[in-house]
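Observations on the three-dimensional arrangement
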Amino acid sequence: MIEKLPSLAHLIRSLQQVPYLANKNVYRVANYLLTVDDKRAQQLCDTIMHARSKIVPCTVCFAWQEVSADCLFCSSKKRNQSLICAVETWQDLIAIEKTGGYTGVYHVLGGAICPLDGIGPEDLTIQRLVKRAEQEEVQEIILATNQTPEGEATAAYIAKKAEHTNVKLSCLARGVPVGSSLEYMDRLTVFKALSERRPF
Ligand SMILES: [Zn+2]
């Protein structure tokens, strides 16, 4: 039926390409976008384009930052610059920040090694993390990758690559639900996993 409405079909197809937008929500979102007034729709488009032009990844930790300002983490004197928490995604970073109990800095890896999806170590920021471990006064790296086969393989790979440094490697406490990512865990679970971390 939708194919008889080519413009709407095109909108639906575009929305279907948005990752994480559940398929069942695509029609709702399309309906919303067609229902809101022109001004609101335009604002949404402008906000997206504005954010895209003003937000860039930090060149050190790869967390998003305003292009005109310093990184919230790397440039902060209040944060412990010798403790790095390596996470797969920015969403995982947010999950850790939400606990309010972490005062170190971060390294966003950009995903996990997954040969099946064609993601190798060179597609992630692992080499930059190892460089940080070598060059900075880093004492500990928390390997907070997800407890999935990919996440664990990524942590093991980093550990091997950082072997020659003096950095202490740790990982999240056991008890973190296997197979889930930090982003979906409640604050207390993330906090506990971090504070009860163990040597890798
Ligand atoms: Zn940074």
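Here, every reference points to the structure presented above.
Figured I'd write up the structure that's included with this text. Keep in mind it's a predicted model, so treat the numbers as computed, not measured. (Residues numbered from 1 in each chain as written. Predicted model: local features only at pLDDT ≥ 70, side-chain atom pairs only at ≥ 80, totals over all residues. Heavy atoms only, no water.)

**Description of the coordination of the zinc ion**
Every protein donor of the zinc ion is listed here as Cys58 (SG), Cys61 (SG), Cys71 (SG) and Cys74 (SG), and their distances to the metal cover 2.3 to 2.4 Å. If you look at the zinc ion, its four donor atoms make angles of 106 to 112 degrees with each other, and the shape they trace is tetrahedral. Site description for the zinc ion: donor spacing in sequence, C-x2-C-x9-C-x2-C. Within this pair, whereas Cys58 is found in the loop between strand 1 (55–57) and strand 2 (64–66), its partner Cys74 is found in the loop between strand 2 and strand 3 (80–87), the two being separated by 16 residues in sequence. (Donors = N, O, S within 2.8 Å, 3.2 Å for Na, K, Ca; no water. Tetrahedral: all angles 85-135°; square planar, octahedral: opposite > 155°, others 65-115°. Helix = DSSP H or I, 4+ residues; strand = E, 2+ residues; numbered from the N terminus.)

**Some points on the packing of helix 5 (residues 126–135) against helix 6 (residues 149–161)**
Between helix 5 and helix 6, the shortest axis-to-axis distance is 10 Å and the interhelical angle comes to 40 degrees. Classified by the interaxial angle, the pair formed by helix 5 and helix 6 is oblique. Note on packing geometry: the crossing formed by helix 5 with helix 6 is right-handed. Within the contact between the two elements, helix 5 uses Ile126, Leu129 and Val130 and helix 6 uses Thr154, Tyr157, Ile158 and Lys161. Class assignment of the residues belonging to the contact of helix 5 with helix 6 gives a composition of five nonpolar, one polar and one charged. (Axes fitted to C-alpha atoms, helices over the stretch in contact; angles between N-to-C directions. Parallel < 35°, antiparallel > 145°, perpendicular 65-115°, else oblique. Left-handed = near helix turned anticlockwise from the far one by under 90°. Contact = heavy atoms within 4.5 Å. Nonpolar A, V, L, I, M, F, W, Y, C, P; charged D, E, K, R; others polar.)

**What about the sheet that holds strand 4 (residues 104–108)?**
Spatially, 4-3-5-6-7 is the arrangement adopted by the five strands of the open sheet, whose pairing is mixed. With one partner strand each, in any of the chains shown, strand 4 and strand 7 (198–199) form the two edges of the open sheet. Across the sheet, helix 5 is in contact with strand 3, strand 4 and strand 5 (140–143); its angle to strand 4 comes to roughly 150 degrees. (Pairing = 2+ DSSP bridges.)

**A short note on unusual backbone geometry**
Positive phi outside glycine occurs at Tyr20, with the angle close to 75 degrees. You can see Tyr20 is positioned in the loop between helix 1 (6–16) and helix 2 (23–35). Overall, Tyr20 belongs to the exposed group, its relative accessible area being 75%. The phi angle at Phe62 is positive, at roughly 70 degrees, despite the residue not being glycine. Mapped onto the elements of the fold, Phe62 is located in the loop between strand 1 and strand 2. Given the relative accessible area of 22%, Phe62 is considered partly exposed. (Buried < 20%, exposed > 50% of the residue type's maximum accessible area, 1.4 Å probe, protein only.)

**What about the packing of aromatic side chains?**
Between two aromatic rings, the relevant description is the distance of the centres plus the angle of the planes. Overall, the coordinates contain two aromatic pairs when judged by the stated rule. Their ring planes at 75 degrees and their centres at 5.0 Å tell us that Phe73 and Tyr106 sit as a pair that is edge-to-face. Of this pair, Phe73 sits in the loop between strand 2 and strand 3 while Tyr106 sits in strand 4, and the two are 33 residues apart along the sequence. For the ring pair Tyr102 and Tyr106, a centre distance of 5.1 Å and an interplane angle of 55 degrees mean the geometry is tilted. Tyr106 matches Tyr102 in its accessibility class, with the two residues each being buried. Within the aromatic cluster, the residues linked to one another by ring pairs are Phe73, Tyr102 and Tyr106. (Phe/Tyr/Trp six-rings, centres within 6.5 Å; stacked < 30°, edge-to-face > 60°.)

**Focus: helix 4 (residues 90–99)**
When we look at burial in helix 4, the residues that qualify are Asp92, Leu93, Ala95, Ile96 and Thr99. Seen from one end, helix 4 has its buried residues packed into an arc of 160 degrees, which puts them on one side. Those residues of helix 4 that are buried lie in contact with strand 3, strand 4 and helix 7 (187–195). At the C-terminal side of helix 4, Gly100 shows a positive phi close to 70 degrees. (Arc of directions from axis to C-beta.)

**Observations regarding the pattern of salt bridges**
On inspection of all chains with the given rule, the structure shows five salt bridges. Between Glu3 and Arg13 there is a salt bridge, and its shortest N-O distance comes to 3.7 Å. Residue Glu3 is found in the segment before helix 1, and its partner Arg13 is found in helix 1; the two are separated by ten residues along the sequence. Assessed through its relative accessible area of 59%, Glu3 is described here as exposed. The exposure class assigned to Arg13 is partly exposed, which follows from its relative accessible area of 40%. Linking Arg197 and Glu140 is a salt bridge whose minimum nitrogen-to-oxygen distance equals 2.6 Å. With Arg197 in the loop between helix 7 and strand 7 and Glu140 in strand 5, this residue pair connects regions lying 57 residues apart in the sequence. (Salt bridge = Lys/Arg side-chain N within 4 Å of Asp/Glu carboxyl O.)

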